[in-house]
Amino acid sequence: MAFEALYLPIGVSSFDVETAGDKLLDSKQVINQVDKNIVMPEGLLLSIDAVAEFLRDKNPDLVIVQSVTFADASYIAEIMHRVDCQIILWTIPEPVVDGTRLRLNSLTGAFAAGNTMANFGKKFIYIHGSTFDDNTVDKLKAVYKAAKLKKNMSNLNLLQVGHTQDGFGFGTGIENELMKTFGVRLMSVETRQLMSKALTYDDEAIRDFIFDAQQMIPNIFNIDRQNVFDAGRLFKAYFDYCNENQIGALASRCMPDFITEYGTPVCAVLSILNDLGIPSACEADTYGALSIYIAQYFSKMPAFFGSPVSMDEEYNSLTFWHCGMAPTTLAREDSRAQAGVHCNCGIGPTLEFGCRSSDHATVFRVGKKPDGSFRFFIAQGRSMDRFKQFNGTTVVIEPQIPVRQLVESAVTSGWEPHFAVALADISAELEALADMLGIEVVKY
């Protein structure tokens, strides 16, 4: 079902209705900047009956409640009675402070509504901002995107291909936890099942993959031809399985299965799946796959997945690396994505490149605390103009804080060794999502 959001401008007629009407028009312009599809009434809702009538037969996923003037607690109580969804409470500054009449008293309305929602155990997000402040629009947009993602996750099938190898248990997904916290359904399939499926395809069945791979990876046939075609068969097995089972993201086991049993690594397969909009993590890291999915949704582009491997204090930088798996669309334009062989086994195709620079980047991880509860790792920075640092794929991030402080804090706090890197600033959206889900944020 389509995402539906409502804007509810509430108030009472005992305050300055003329000024409130002007603010309503300004607020509607702000709401339209967030999304023109948000449903709103013609005028102010100045009574409980008006609120009830507007909400009749509606089943929204998000409600933006704005106390344009003061409104007592009965208004928010009626709203909670009528709808069960995420609520944003938005109030605006008092327009005039001149020693005369209090025109709106919007802020006291926030206290009335907030007190009631808190006493009912209702989670909500509060924004106090002017209709003329770009920060207000940005905050509303971030929360709106987070609410849409929250709904999308309730329809997400996340596939775990195989299981984590010994020593990588931090990535093992737990079905009930994913469903309870994120609404995500965890599915599973054995690596051998996809390998067996891949072997049923002939060369003709993967002709389109081979053509597309040559466009994305110019030197793909520098790699052994049999390995390239075997990677194509494996890609089709993954892609078909995802389509047949409505898979929206996946985490795949890689080493050593695909080398020892299939004879070709899965690195390039996962890379191209990311390019095609199926967020994919290696080493069967389920929470890593969820991190990529969230990062891709907010940034509207594929995200890098890798481990922090090299710290350079002189340039205040941290290199993230993986053996040969990253979306080709992130490659530097001057070098593009290149095919290579796996650094540990000498078999390809893997991907080889450094990621392009970006003025904004966000390092993100859906992590777990020692007690098993979830937390979000968020670090803002930029992607630096650096060539490939090691065999495989790399991205070099300059964080906003001293890199040693970031690394030492992350290690001593027990963060997992895999992170998603979005080449965009998505920190506000991530914080809004964490707030909605009741998840702790650790921001660096």
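See the structure above.
The rules behind each value
Residues numbered from 1 in each chain as written. Predicted model: local features only at pLDDT ≥ 70, side-chain atom pairs only at ≥ 80, totals over all residues. Heavy atoms only, no water. Helix = DSSP H or I, 4+ residues; strand = E, 2+ residues; numbered from the N terminus. Rg over C-alpha atoms; globule rule 2.2 N^0.38 Å. Buried < 20%, exposed > 50% of the residue type's maximum accessible area, 1.4 Å probe, protein only. Contact = heavy atoms within 4.5 Å. Areas by Shrake-Rupley, 256 points an atom, 1.4 Å probe, with all protein chains shown as cover. Lys, Arg positive; Asp, Glu negative; His and termini not counted. Charge placed at Lys NZ, Arg CZ, Asp CG, Glu CD. Core = buried A, V, L, I, M, F, W, Y, C linked by side-chain atoms within 4.5 Å. Arc of directions from axis to C-beta.

Visitor: Go over the overall build of the protein chain, please, and point to the residues and values.
Guide: In terms of helices and strands, the protein chain carries 14 helices and 17 strands. Computed over the C-alpha atoms, the radius of gyration of the protein chain is 25 Å, within 12% of the 22 Å expected from 2.2 N^0.38 for a compact globule of 444 residues. Projecting the C-alpha coordinates of the protein chain onto the three principal axes gives extents of approximately 80 × 50 × 40 Å. Relative to its 444 residues, the protein chain shows a buried fraction of 57%. A separation of at least 24 residues holds for 76% of the contacts in the protein chain among residues at least 6 apart in sequence. Of the roughly 18900 Å² of accessible surface on the protein chain, a fraction of 48% belongs to carbon and sulfur atoms. Positive and negative side-chain charges of the protein chain, numbering 38 and 54 respectively, have mean locations separated by a distance of 2 Å.

Visitor: Before we move on, could you go through unusual backbone geometry and cite the residues and values that matter?
Guide: The linkage connecting Met255 with the following residue, Pro256, adopts the cis geometry, with an omega of -5 degrees. As for its position among the elements, Pro256 is in the loop between strand 7 (249–252) and helix 10 (257–262). In this chain, Gly348 is followed by Pro349 through a cis amide linkage whose omega measures 0 degrees. Secondary-structure assignment places Pro349 in the loop between strand 11 (338–340) and strand 12 (350–354). Backbone geometry at Asp57 places phi at a positive 65 degrees, although glycine is not the residue there. With respect to the helices and strands, the residue Asp57 is situated in the loop between helix 2 (48–55) and strand 2 (62–67).

Visitor: Can you lay out the nonpolar core for me, pointing to particular residues and giving the numbers?
Guide: Ranked by internal contacts, the top residues of the largest apolar core, which has 127 residues, are Met153, Phe182, Tyr238, Leu290 and Ile294. For Ile294, the contacting residues outside a window of four places in its chain are Leu149, Met153, Phe364, Val366, Leu430 and Leu433. Membership of the second largest hydrophobic core comes to 23 residues, among which are Phe15, Val51, Val83 and Met117.

Visitor: An account of helix 8 (residues 207–216) is needed here, citing residue identities and associated values.
Guide: Among the residues making up helix 8, those that are buried are Phe209, Ile210 and Ala213. Considered in projection along helix 8, the buried side chains sweep an arc of 100 degrees and stay on one side of the axis. The exposed set on the far side of helix 8, more than 90 degrees from its buried face, consists of Arg207, Asp208 and Phe211. Residues of helix 8 that are buried sit in contact with helix 9 (225–244) and helix 11 (267–275).

Interpretation in functional terms is not warranted from these geometric data alone.
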